[in-house]
Structure formats: C-alpha cells, structure tokens
Amino acid sequence: MSINFSTATFKDFENIPNYNIAQRAESFYDFLDYMKSNGHMNYRLKNTTGTNATLHVDIANQNKEYVSFVSSDYLGFTQHPKVKQAAIEGIQKYGTGTGATPLIGGYFDYHDRLERKISNFFGRNDDEAVVFTTGYTANSATLQCLMQKEDLAILDMAVHASVYEGCAFTNKKTFPHNNLEGLEHILKTSENLYRTKLVIIDGVYSQDGDTSHMNEIYNLVKKYNAFLMVDDVHGIGILGETGRGTIEQAGLLDKVDIMTGTFSKTFGNLGGYVIADKKLATFLKFQSRQQIFSATAPPSSAGIIKAIDLIDEEPVWRERLWNNINYFKKGLDELGLDTGITCSAIVPVKIGDPHVTGDVGRLLIEKGIYTNPILYPAVARKDARIRMSVTARHEREHLDKTLNAFEDINNKLHIAKK
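One structure accompanies this document, and this report is about it. Within each chain, residue numbers correspond to sequence positions counted from 1 in written order. Under the rules for a predicted model, residues below a pLDDT of 70 receive no local features and side-chain atom pairs below 80 are neither given nor counted, while totals for whole chains, interfaces and linings still include all residues. Note: side-chain values were computed over all heavy atoms of the structure, leaving out hydrogens and water.

Overview of the overall build of the protein chain
The numbering of helices and of strands both runs from the N terminus, where a helix is a DSSP run of H or I of at least 4 residues and a strand a run of E of at least 2. Of regular secondary structure, the protein chain possesses 14 helices and 14 strands. Against the globule reference of 22 Å for 418 residues, the protein chain gives a C-alpha radius of gyration of 22 Å, in line with a compact fold. In terms of principal-axis extent, the alpha carbons of the protein chain reach across some 60 × 50 × 45 Å. A 1.4 Å probe rolled over the protein chains alone gives each residue an accessible area, and that area as a share of the maximum for its type sets the label: buried under 20%, exposed over 50%, partly exposed in between. Going through the 418 residues of the protein chain one by one, you find that 52% of them count as buried. Contacts are assigned to residue pairs that have any heavy atoms within 4.5 Å of one another. In the protein chain, the proportion of contacts linking residues at least 24 apart, taken out of those at least 6 apart, comes to 67%. Positive and negative side-chain charges of the protein chain, numbering 46 and 50 respectively, have mean locations separated by a distance of 2 Å. When we talk radius of gyration, it's over C-alpha atoms, and the globule rule is simply 2.2 Å times the number of residues to the 0.38. Counted as positive: Lys and Arg. Counted as negative: Asp and Glu, with His and the chain ends omitted from the count. The atoms used to mark charge sites are NZ of Lys, CZ of Arg, CG of Asp and CD of Glu.

Points about unusual backbone geometry
Looking along the chain, the bond that leaves tyrosine 376 and enters proline 377 is cis, with omega of 10 degrees. Within the element layout of this structure, proline 377 appears in the loop between β13 (372-374) and β14 (384-389). Look at asparagine 192: it is not a glycine, yet its phi comes out positive at around 70 degrees. By relative accessible area, which is 72% here, asparagine 192 ends up exposed.

A few points about the layout of surface pockets
One number sums up the size of the second largest pocket: a volume of about 490 Å³. Both site types are read off a 1 Å grid over the protein atoms alone. A 1.4 Å probe that fits but cannot get out defines a cavity, while an open set with protein on both sides within 12 Å along at least five of seven lines defines a pocket; lining residues have an atom within 4 Å of a point. Along its surface, the second largest pocket is lined by 20 residues, and Lys36, Met41, Leu45, Ile59 and Ala60 are the ones closest to its centre. Residue assignment for the lining of the second largest pocket shows that the elements contributing at least two residues are α1 (21-37), β3 (62-68) and α13 (354-366). Among the elements that make up the lining of the second largest pocket, the one with the highest residue count is α1 (4 residues). Three classes are used, and their members are as follows: Ala, Val, Leu, Ile, Met, Phe, Trp, Tyr, Cys and Pro are nonpolar, Asp, Glu, Lys and Arg are charged, and the others, Gly among them, are polar. Among the residues forming the lining of the second largest pocket, the class breakdown is 10 nonpolar, 4 polar and 6 charged. Grid points are joined across faces, edges and corners, and a volume is the space filled by probe spheres set on the points.

Quick look at the nonpolar core
The set of buried Ala, Val, Leu, Ile, Met, Phe, Trp, Tyr and Cys residues whose side-chain atoms join them within 4.5 Å is what this entry labels a nonpolar core. If you look at the biggest cluster of nonpolar residues, it comprises 97 residues, and the most contacted ones within it are Ile118, Val199, Phe267 and Phe406. In terms of residue count, the dominant contributor to this core is helix α11 (residues 302-313) (6 residues). Beyond its immediate stretch of four places on either side in the chain, valine 199 contacts Ile154, Phe175, Leu183, Leu187, Ile217, Val221, Phe227, Leu228 and Met229. In this structure, Ile3, Phe31, Leu32 and Met41 belong to the second largest nonpolar core, which totals 8 residues.

Some remarks on the environment of glutamate 128
With respect to the helices, strands and loops of the structure, glutamate 128 is situated in strand β4 (residues 128-132). Relative accessible area serves as the criterion here: at 24%, glutamate 128 is assigned to the partly exposed category. Here the alpha-carbon distance between glutamate 128 and isoleucine 275, two residues 147 residues apart in the chain, equals 5.7 Å.

Some thoughts on the pattern of salt bridges
The salt bridge criterion pairs a side-chain nitrogen of Lys or Arg with a carboxyl oxygen of Asp or Glu, the two atoms within 4 Å. In the structure shown here, the tally under the stated rule is 27 salt bridges. One salt bridge connects aspartate 58 with lysine 46, and the closest N-O pair in it is separated by 3.8 Å. Highlighted residues: aspartate 58 in strand β2 (residues 54-59) and lysine 46 in strand β1 (residues 46-47), separated in sequence by 12 residues. Accessibility expressed as a relative area gives 23% for aspartate 58, which makes it partly exposed. The partner of arginine 362 in a salt bridge is glutamate 366, and the shortest N-O contact between them spans 3.3 Å. Of this pair, arginine 362 and glutamate 366 both sit in helix α13, 4 residues apart, which is roughly one turn of that helix.

Some details on the pairing of strand β9 (residues 258-262)
Across the 5 residues that make up β9, a large majority, 5, are buried. On β9, burial covers both faces: Ile258, Thr260 and Thr262 on one face and Met259 and Gly261 on the other are all buried. Strand pairing requires that DSSP identify at least two bridges connecting the strands. Examined bridge by bridge, strand β8 (residues 227-231) and β9 share 3 bridges and lie parallel to one another. Looking across to β9, one finds that valine 230 is bridged to methionine 259. Bridging between β9 and strand β10 (residues 272-276) involves 4 bridges; their strand directions are antiparallel. Bridge pairing links methionine 259 to isoleucine 275 in β10.

Here's the deal with the pairing of β14
Of all the 6 residues making up β14, 6 are buried; the element is thus mostly covered by neighbouring parts of the structure. Alternating positions in β14 separate into two faces, Ala384, Ile386 and Met388 on one and Arg385, Arg387 and Ser389 on the other, with burial throughout. Pairing of strand β11 (residues 346-352) with β14 involves 6 bridges; the strand directions are antiparallel. Paired with lysine 350 across the strands is arginine 385, a residue of β14.

Focus on the sheet that holds β13
With respect to topology, 3 strands assemble into an open sheet ordered β11-β14-β13, the strand pairing being antiparallel. Of all strands in the sheet, those with a lone pairing partner are β11 and β13, marking the two edges. Shown here is a sheet whose adjacent strand axes are inclined to one another by a mean of 30 degrees, direction ignored. Note on geometry: axes are lines fitted to C-alpha atoms, helical ones only across the stretch in contact, with angles between N-to-C directions running from 0 to 180 degrees.

A few points about the packing of helix α6 (residues 180-189) against helix α7 (residues 214-223)
A pair of packed helices is characterised by two quantities: the angle between their axes and the separation of those axes. Contact pair α6 / α7: the axes reach a minimum separation of 10 Å and the direction vectors enclose 10 degrees. It follows from the interaxial angle that α6 and α7 lie roughly parallel. In this structure, the crossing between α6 and α7 has a hand that is right-handed. On the side of α6, the interface is formed by Leu180, Leu183, Glu184 and Leu187, while α7 contributes Glu216, Ile217, Leu220, Val221 and Lys223. Roughly parallel means an angle under 35 degrees; roughly antiparallel, over 145; roughly perpendicular, 65 to 115; everything else is oblique. Helix crossings get a hand from a simple test, with the near helix turned counterclockwise from the far one by less than a right angle marking a left-handed crossing and a clockwise turn marking a right-handed one.

Here we look at the packing of aromatic side chains
Aromatic pairing here means that ring centres of Phe, Tyr or Trp (its six-membered ring) are within 6.5 Å. Orientation follows from the plane angle: under 30 degrees is stacked, over 60 is edge-to-face, and everything else is tilted. Following the criterion strictly, the structure yields 18 aromatic pairs and no others. Ring plane angle 80 degrees and centroid distance 5.5 Å describe the contact between phenylalanine 10 and phenylalanine 28, whose orientation is recorded as edge-to-face. One end of the pair, phenylalanine 10, is in the segment before α1; the other, phenylalanine 28, is in helix α1, with 18 residues separating them in the sequence. One aromatic cluster is present, formed by Phe5, Phe10, Phe13, Phe28, Phe31, Tyr34 and Tyr43 through successive ring pairs. We call a charge positioned above a ring when the Lys NZ or Arg CZ atom is no farther than 6 Å from the ring centre and deviates by at most 35 degrees from the ring normal. The residue whose ring lies beneath arginine 381 is tyrosine 376, and the NZ or CZ to ring-centre distance is 3.9 Å. Positioned above the aromatic ring of tyrosine 327, the side-chain terminus of arginine 396 is 3.8 Å from the ring centre.

In structure tokens form, the structure reads like this:
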C-alpha cells in the first residue's frame, strides 16, 4: 500500500495495513520530508528562548526572532518575576525532583498547599483537589479510573483528545458540538441502562475558541440524574468576573461535579488538577494508576501557588490580554478573514483547504510570524485553519505586524471570506 503524500495527514500513518512498525515509521519519515520540502513543517520547531510574545526559533539552521502565537501562556506568568522566584525558592528548599510517587514517599507539603490552593481558588473549600503531572493526564487518568464497562461517558464531540483516551475502556457516546437536542436524546435513551452516566464537556474549546452551553447542559444532566465533568483549561484566568473561567461565568462553581484543568497555560508551569467531592478525590488518589505509579510534580511547582495568587493580586494582566484579543480580532475581521465564533484568547483564521493553510503557515514564517496550521484530524478535513493564542505579553507592534502579514497573504492567496 502506498500513501499519496499530497493528500495525506498524520492520521493516515496511525495504522497502515501490512506495514510493520519499522515500515510505518519509514513511510511517516518520508512524509515529514515531503512536508519540509513544501515549507509546511511548522511543528516541533526548536525554540532557543523562553515562552513570550516573541521567540527565537531555529528553522533550516537559522536562528531568528518571530512573533509567537503558539503558546497558551495567556497571562505571561512563565516570565513573571514573582512566579520565577517562587519556583527557584522551591528548588532551593526541596531540590529538583521528588524521587517517588505520592503513595510511597513523593507527597510533600507543597503538594498539599497546591491542592488546597487550587480548590480554594474556585471556592470549593469543602472539596478536594488531586494534582497530576500533566493536564492531559488529569483527564485521561481520572476517566480511566472512574469509568468502567458498566458506565457511560457522554462526550461533546469537540472535547480534548485526553478525554477520548480516558474513555477508551468504557461505553462512549458523542453528541454534535453544543447540540442540546443530541445530548438530551442520549440521556433519555440511556436512562436506567448504565450504572453511571457522566457528561464531559470543555469550558472553552481548543480549536474554535468558543464556549460550551454550560447552563443548559447542566440542567439536562441533572434532569436525567447524570454527572457533569468540565475541563476548563482555556478559560481559567481569562473568562468569568474574577478569572475563574467559564464555570464561574455560568454561576456553577459550586455545582459542577468534577472540574479539571491544567497548570501549563494561565498558571505558567506544568501539571493538571481535578477538583471533586472529598470522597471521590480520595478515591482517585488511591486508585488512579497514574497517581500510584507516576512520580509527583517537582518542587518548582511552588511557582504555581504564586501564579494562582496573582490572578487576584494583579488583574492588570487579564485586562491587557482582553485589550489584545479585542484589537487583534477586530483587525482580522476588518480584513474579511474568518475567525469563527471565538470568544476567548484562541483566535483561529479559518481557511478550509489544508494545502492552502500550509502555504499560509509557510508565508507567515517567512514574514516573521510563528503560528500553527491545524489540519485533520484535529479539525474536519475541510475546516483547516491557522490557530493563534493571544497573550497579555503581546505588544501592539506585534499584533500590527501580524495583521499586515495577513493582509499581504490575503492579497496573494485570497483567503478572506467570500
């Protein structure tokens, strides 16, 4: 079997019939060479400076500065002096690692402080948090632990890949994105057929930047005696009256059964968390395989605790972020570009054709703009786009440079809405 590289995507190489692992790897390697030859390889590029509004990136053995839209460090806390200092002090006190899993000696007092801090941040003082080493694992590990063959996971089809992985060993049904009728149909037809029914949604969806219909979904979930889990990794620090995200925006901070999130975006570090009823949280701490068999977060996680405080102490970062979002989106819209229905710091420019999208990514790089073309299977085959994350660290000159680049590219490739 041969694969047509001109129409192929990463997914085509997941499993090739009659190809062993070496043959699949070789075919994929050749495909990456094909992408590089077309200038479409905007992935796994080597950065030589820290996450910020600009990055120095090695491309074709040349190190240059690019305006960066590839980071979800929305408030710029990876570079905040107070966050850095807290992380340094954590390393100075405890060293660089923990050396063990939380169950057998790798649980330190800073882990306890972090769990309490993130739970209290959301006003869930009577609940508990469980900290995982990545946000991806917070979802996948929790669902693998809780959902078994007697249960049913009901997913908005646009949820994160980590949710799908977590539901690999349970019954799973999906409903069209934000489609309330589709959700209610599943809830109604599955009533009394499963031990547990868990509806799983994102707060902000990672590709379109839109939000869930959370209040309506919550009402349906409770009407049919199900549970609700919300992953709000792209909403925290950005949405809600005090930056508590889409769950705060919906007035459901004290009502959602399971909240999950990450420390790698707004909080400028690494790791994930799950917040739930104390008994459920305790069950995860002792039953989740990733809790039992994975080493815990390093002492530099002390920086997260300071980042959580800064959400309230320095609201100026959220104000700067929203000024940048509104300015940038307005500029793209005035160019006639399709930014979809985003209402967050995720700003897509929808193009449709995957090859043209790759060309746009190449031309942006040539103009000093580092973005990510997003193709199938991350989005539908004909819904390719350039995905950008706006941050509080972007200056007006960065945004103007990018808008000018899009204007030039549009004049050349005609990517504006008809």
